[in-house]
Amino acid sequence: MATAPILKMSTEIAEKIRQHGSETYPNECCGALLGRDGSGTDGTTTAGAVQLPLREIIALFPLVNRREDSPHNRFSVTAEDVRDAEKAAREKKLDVVGWYHSHPDHPARPSQYDREHAWPWYSYIIVSVANGKPAEMTSWRLSDDRSAYACEDIAIRDRAAR
Ligand SMILES: [Zn+2]
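### Concerning the nonpolar core
Within the largest apolar cluster, 20 residues are counted, with the highest numbers of intra-cluster contacts made by Ala-32, Leu-34, Val-96, Trp-99, Tyr-124 and Tyr-149. At the level of elements, β2 (30–40), β3 (52–63), α2 (79–91), β4 (95–104), β5 (123–130) and β6 (133–142) are the ones that each hand at least two residues to this core. Counting residues per element, this core draws most heavily on α2, at four residues. Residue contacts for Ala-32: discarding those within four places in its chain leaves Ala-59, Leu-60, Phe-61, Leu-63, Ala-85, Val-96, Gly-98, Trp-99 and Tyr-100.

### As for the pairing of β2
Along a regular strand, successive side chains alternate from one face of the sheet to the other. In this sheet, β3 lies alongside β2 in antiparallel orientation, the contact comprising eleven bridges. Bridge pairing links Gly-31 to Pro-62 in β3. Note that β2 and β4 share six bridges and pair antiparallel. For Cys-30, the partnering residue across the bridge sits in β4 and is His-101.

### Some details on the coordination of the zinc ion
Within the protein, the atoms that donate to the zinc ion are His-101 (NE2), His-103 (NE2), Asp-114 (OD) and Asp-114 (OD), at distances of 2.1 to 2.5 Å. Considering all four donor atoms around the zinc ion, the spread of angles at the metal, 55 to 153°, places the coordination shape in the irregular class. Sequence spacing of the donor residues for the zinc ion, all on one chain, is H-x1-H-x10-D. Look at His-101 and you get buried, because its relative accessible area is 1%.

### Overview of the sheet that holds strand β8 (residues 154–157)
Taken together, the eight strands give an open sheet; going across it, the order is β7-β6-β5-β4-β2-β3-β1-β8, and neighbouring strands pair in mixed fashion. Of all the strands in the sheet, just β7 (149–152) and β8 have a single pairing partner and so form its edges. Between one strand axis and the next, the sheet turns by 35° as a mean value, whatever way the strands run. Where β4 meets β5, seven bridges bridge the pair, whose relative direction is parallel. Bridging across to β5, Trp-99 finds its partner in Tyr-124. Packed on one face of the sheet, α2 meets β2, β3 and β4 and runs near 125° to β4.

About the cut-offs
- Residues numbered from 1 in each chain as written.
- Predicted model: local features only at pLDDT ≥ 70, side-chain atom pairs only at ≥ 80, totals over all residues.
- Heavy atoms only, no water.
- Core = buried A, V, L, I, M, F, W, Y, C linked by side-chain atoms within 4.5 Å.
- Buried < 20%, exposed > 50% of the residue type's maximum accessible area, 1.4 Å probe, protein only.
- Helix = DSSP H or I, 4+ residues; strand = E, 2+ residues; numbered from the N terminus.
- Contact = heavy atoms within 4.5 Å.
- Pairing = 2+ DSSP bridges.
- Donors = N, O, S within 2.8 Å, 3.2 Å for Na, K, Ca; no water.
- Tetrahedral: all angles 85-135°; square planar, octahedral: opposite > 155°, others 65-115°.
- Axes fitted to C-alpha atoms, helices over the stretch in contact; angles between N-to-C directions.

As structure tokens, then:
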């Protein structure tokens, strides 16, 4: 698993995901993660600059949860959402690298539904929202053969410029 990329984002992006989750509580929020794959340091080693595969989240594209039948425990991304998110990404010269949604009053673990509706390659962030307050945030990635849905490391950092 040495080549598993780390998901990197600023505290500002992490805060926006959490906020979206509390705004839509008790329903789920969802949105696209815009960013790019590359390499860099995760900043945790004292030995110096170790180059690691990194997936960086640079912007968000919030979506409207269209699951009116069961908006509190299902989220689904439509073909139209994908098109809109990809257009927004292109305008910023970024890619859609994943999706986020919240789990109101449930742990930040993928449901059976999440796993069955996931696509390989994308990162899936889940933020748990307990009593309206954002809690744990995790990220998941489905293997190409769909046999594993593994947790990814999230690195939240203040922007270096500050
Ligand atoms: Zn879910």
